[in-house]
Amino acid sequence: MCLVDMDIGLRNLDILMGLENRVVYNLVDVVEERCKLRQALVKDKRMPNLSLLPAAQTRDKTAVNADQMKKLCEELKSMFDFVLVDSPAGIESGFQNAIAGAEEAIVITTPEMSAVRDADRIIGLLEAQKDQITQYRLVLNRLRPKMVANSDMMGVEDVLEILSVKLLGVVPEDEEIIISTNKGEPVSGTDNTRSGLAFRNIARRLRGEEVPFMDLDVKNDTWVTRIVNFFNPVRV
Amino acid sequence: MQILDWLFKVPTGPAPGTAAVTAKDRMRNMLTHDRLELPAGKLEVLEEELTAVVARYFDLEPDTTRFDLKQIDRKAALIANFQLVRSKC
Ligand SMILES: Nc1ncnc2c1ncn2[C@@H]1O[C@H](COP(=O)(O)OP(=O)(O)O)[C@@H](O)[C@H]1O
Ligand SMILES: [Mg+2]
């Protein structure tokens, strides 16, 4: 599996994965043929099957175009089972480049109004590329079950209904994420964290497994769910 | 006695007027306009014009006309409801 950091100029996946000291070449070097693709790939410390193609730090988004990205993705697809491209924020060229070679998309948003509106815009753009991007699913990040239960915040069902989109996963707000990024160890590899479990469930669903979702929404606040949630609050 | 409060509070859906419900209503409205690229206020103008047209043909029950923009699978539907008294023709 390969992870591509498409946020050119604002490189960050190398830090989150604790690989910042191993980066030699980057995506722009590959596109401009200063190195071979294999030379730019950085192997993960823990998982030998995981590689990172880092973004350039000193260039900007205009350094690559959609055709170059498409070609790069084709090459990566022939080398890996999964190629995951991390898109920069926004709907401009950075986003268009990131989806140039994509067959599917994962839309990540938080349950806040401005983020949901942005996600809706992104979904509109993905819908317009239906021939190329055959499916997209939503990850709802930074959910705060307590605030949802108090009706202080939209819940999973609310956001899904508003966006009319399929759900891939729910990641709760979790301080462990900051701790793990500080250590350079992705939270998905940690035991006993709610967010780690959430990410592993997302990975399993991407592989086609059926992993049940936990209903954190108030709508499903019944005696039975209260008792179940009380004893088993960590299914996401 | 927080535990007892929690246990004996009858579970209900989100109440109207809560932040969650307000956010959802605002979101729905906003996204309908976004998706159609409909400027604010235009719907009200359409409402007036349509009502004027229908009123040429029918006497309308006063204050009953309703316009709703509904979302059905990301597609918008305009639902207009006129209560008619009798034909003017
Ligand atoms: N579920 C979460 N719980 C707590 N903090 C989070 C969570 N998700 C993201 N964050 C924080 O927000 C920061 C930015 O998140 P990131 O996913 O990098 O955003 P972007 O959308 O800009 O790529 C992270 O570095 C982390 O500190
Ligand atoms: Mg990012």
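In this report, we go over the structure that sits alongside the text. What you see is a predicted model; the values in this text were computed from it and never measured.

Side note on helix α4 (residues 66-79) of chain A
Residue and element names in this part refer to chain A.
- The first and last C-alpha atoms of α4 sit 20 Å apart over 14 residues, in line with the 20 Å expected at 1.5 Å per residue.
- Turning to α4, its buried residues are M69, L72, C73 and L76. Considered in projection along α4, the buried side chains sweep an arc of 100 degrees and stay on one side of the axis. Of the exposed residues in α4, those oriented more than 90 degrees away from the buried face are D67, K71 and S78.
- Residues of α4 that are buried in the fold lie against β1 (2-5), α2 (27-31), α3 (37-40), β3 (51-53), β4 (83-86) and α5 (93-99).
- Sitting at the amino-terminal end of α4 is N65, which places a side-chain oxygen 3.1 Å from the backbone nitrogen of D67.

A short note on the pairing of strand β5 (residues 104-109) of chain A
Residue and element names in this part refer to chain A.
- Only one face of β5 is buried: it carries A105, V107 and T109, and the other face, with E104, I106 and I108, is open.
- Where β5 and strand β6 (residues 135-143) come together, six bridges link them in parallel fashion. Across the sheet, A105 pairs through a bridge with Y136, a residue of β6.
- Read as a crossover between parallel neighbours, the route from β5 over helix α6 (residues 113-127) to β6 is right-handed.

Considerations on the nonpolar core
- Formed by 31 residues in total, the largest nonpolar core has its most connected members in L126, M154 and L163 of chain A together with M27 of chain B.
- Among the elements of the structure, α5, β5, α6, β6, α8 (156-163) and β7 (166-172) of chain A together with α2 (19-36) of chain B are those that each provide at least two residues to this core.
- When residues in this core are grouped by element, the largest group, six residues, is from α6 of chain A.
- With near-sequence residues (within four places) excluded, M27 of chain B lies in contact with M113, V116, R117, M154 and I162 of chain A.
- In this structure, M6, I8, V28 and A100 of chain A belong to the second largest nonpolar core, which totals 23 residues.

Details of the packing of aromatic side chains
Residue and element names in this part refer to chain B.
- Enumeration according to the criterion identifies one aromatic pair over all chains in this entry.
- Note on F67 and F82: the rings are 5.8 Å apart at their centroids and 90 degrees apart in plane angle, and the pair reads as edge-to-face. Within this pair, whereas F67 is found in strand β2 (residues 66-72), its partner F82 is found in the loop between β3 (75-81) and β4 (84-87), the two being separated by 15 residues in sequence.

Conventions adopted
- Residues numbered from 1 in each chain as written.
- Chains lettered and ligands numbered in written order.
- Predicted model: local features only at pLDDT ≥ 70, side-chain atom pairs only at ≥ 80, totals over all residues.
- Heavy atoms only, no water.
- Helix = DSSP H or I, 4+ residues; strand = E, 2+ residues; numbered from the N terminus.
- Expected span 1.5 Å × (residues − 1).
- Buried < 20%, exposed > 50% of the residue type's maximum accessible area, 1.4 Å probe, protein only.
- Arc of directions from axis to C-beta.
- Contact = heavy atoms within 4.5 Å.
- Polar contact = N/O pair within 3.5 Å; in protein donor to acceptor, adjacent residues only side chain to side chain.
- Pairing = 2+ DSSP bridges.
- Right-handed = clockwise from strand over helix to strand, strands pointing away.
- Core = buried A, V, L, I, M, F, W, Y, C linked by side-chain atoms within 4.5 Å.
- Phe/Tyr/Trp six-rings, centres within 6.5 Å; stacked < 30°, edge-to-face > 60°.

These figures capture arrangement, not role.
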